[in-house]
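Here is what each chain is made of, one letter per residue.
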Amino acid sequence: MVRRMLTVLAAAALALGLAPAAQAAQSDVYVALGDSAASGPLVPNQVIPDLGCWRSDHNYAHLTAQAIGARTFRDVTCSGADTGDMYQRQSTDLGSVAPQLDALSQDTTLVTVQIGANDVGLTGFIEDCLNLLPPPVGDACNDDYIVDGQDSWRVKTDELRSRLTTLMGDIRARAPQARIFMVGYATYAPPNGCYPRVPIIKADANYIRATLQYFNQMLAEQASAAGVGFIDLQTPSVGHDPCASPGVRWIEPYVPAAPAAPFHPNALGMSNFATVVTASVSGV
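Residues numbered from 1 in each chain as written. Predicted model: local features only at pLDDT ≥ 70, side-chain atom pairs only at ≥ 80, totals over all residues. Heavy atoms only, no water.

## Thoughts on unusual backbone geometry
The linkage connecting P44 with the following residue, N45, adopts the cis geometry, with an omega of -5 degrees. Looking at the element boundaries, N45 is found in the loop between α2 (36-39) and α3 (60-68). P196 follows Y195 through a cis peptide bond whose omega is 5 degrees. Mapped onto the elements of the fold, P196 is located in the loop between β8 (179-183) and α7 (202-226). Of note in the backbone geometry, W54 takes a positive phi value of approximately 50 degrees without being a glycine. For W54, the position within the fold is in the loop between α2 and α3. (Helix = DSSP H or I, 4+ residues; strand = E, 2+ residues; numbered from the N terminus.)

So, in structure tokens, the structure goes:
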């Protein structure tokens, strides 16, 4: 009898011990912040509120919220956003939207933020590297970014460090209970590229690759310095870049074959990124 009672009590204690973790997974108040890499422009289905943000209901944040069973979910990711739009209203083609940090609250328990690409001009950078004709007719774009012996893209990347440090502190101030994760950017070019399938010549493909590696490393360093998590999307997306075939690639090229903006995640990419993000925020 005593043995049975001890067994029952042990089982009850185990159940009680597991309950907080199970409840936590079901009670997150999750806020997603970020730019178009997070919002999912043209990925079905685009949500009607803030339509100018080109936000998909199948972006990685929505899928992660479903996977973890978030009690409350607020997705304010918006195409074109930069760090300034965390604090001020952002203008879109279809009106302005509220500062993204306004979505945070004292009861927020989970935040993902993918930001910085627009601060340094990533979209324009990749557009500049479109080369319909190889050298010597077409010019390499990487030469345009070396000014007085300095790589201007890396200079901009380093200038972003202090803004990210401030941003992480401001997120923490508004959401003191939250687990905060900075999300990196995917792989946009394999070594040497795949010209002419994706018309970026070898030198530029390698420059884009090295530049984005430096950018992602900076994000990881700033996340560590701020005491927040970092979610690496670059490593898992290797082999799924715009040079990969349809059905394999997670990032679309200049002429997308799946509904997505050029050099942005498609639905397959968002699904796989959600798996990575879910594992990270769940501590798996």
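## Side note on the pattern of salt bridges
Under the counting rule described, the total for this entry stands at seven salt bridges. Across the pair D102 and R174 runs a salt bridge whose closest N-O atoms are separated by 3.5 Å. Separated by 72 residues along the polypeptide, D102 in the loop between β4 (95-97) and β5 (110-114) and R174 in helix α6 (residues 152-174) bring together distant segments of the chain. Take D102: its relative accessible area is 47%, and that puts it in the partly exposed class. (Salt bridge = Lys/Arg side-chain N within 4 Å of Asp/Glu carboxyl O. Buried < 20%, exposed > 50% of the residue type's maximum accessible area, 1.4 Å probe, protein only.)

## A closer look at the sheet that holds strand β9 (residues 229-231)
Sheet architecture is open: five strands sit in the order β2-β1-β5-β8-β9, paired in parallel fashion. This sheet does not close on itself; its edge strands, each paired only once, are β2 (72-75) and β9. Averaged over all pairs of adjacent strands, the angle between their axes in this sheet comes to 20 degrees, without regard to strand direction. For strand β1 (residues 29-34) and β2, the ladder comprises four bridges, and the chain directions are parallel. Bridged to A32 within β2 is D75. Strands β8 and β9 of the sheet are contacted by α7, whose axis makes an angle of about 160 degrees with β9. (Pairing = 2+ DSSP bridges. Axes fitted to C-alpha atoms, helices over the stretch in contact; angles between N-to-C directions. Contact = heavy atoms within 4.5 Å.)

## Notes on the nonpolar core
Grouped together as the largest cluster of nonpolar side chains are 69 residues, with contacts concentrated most on Y60, F125, I171 and F215. Among the elements that line this core, the one with the most residues is α7, at eight residues. Apart from the residues lying within four places of it in its own chain, the contact partners of F125 are Y145, W153, Y207, I208 and T211. (Core = buried A, V, L, I, M, F, W, Y, C linked by side-chain atoms within 4.5 Å.)

## Details of the side chain of N142
With respect to the element layout, N142 can be found in the loop between α5 (122-128) and β6 (146-147). Contacts of N142, omitting those with residues within four sequence positions, involve A203, D204 and Y207.

## As for the state of the cysteines
What makes a disulfide is a covalent bond joining the sulfur atoms belonging to two cysteines. According to the stated counting rule, one finds three disulfides in the structure shown. Two residues, C129 and C141, share a disulfide whose sulfurs are 1.8 Å apart. Across the S-S bond linking C129 and C141, the dihedral sits near 60 degrees, which makes this disulfide right-handed. Pair noted here: C129 is in the loop between α5 and β6 and C141 is in the loop between α5 and β6, with a separation of twelve residues, a long-range link. For the pair shown, C129 and C141 are each scored as buried. The cystine pairing of the chain, numbering bonded cysteines in sequence order, is 1-2, 3-4, 5-6. (Disulfide = S-S within 2.5 Å.)

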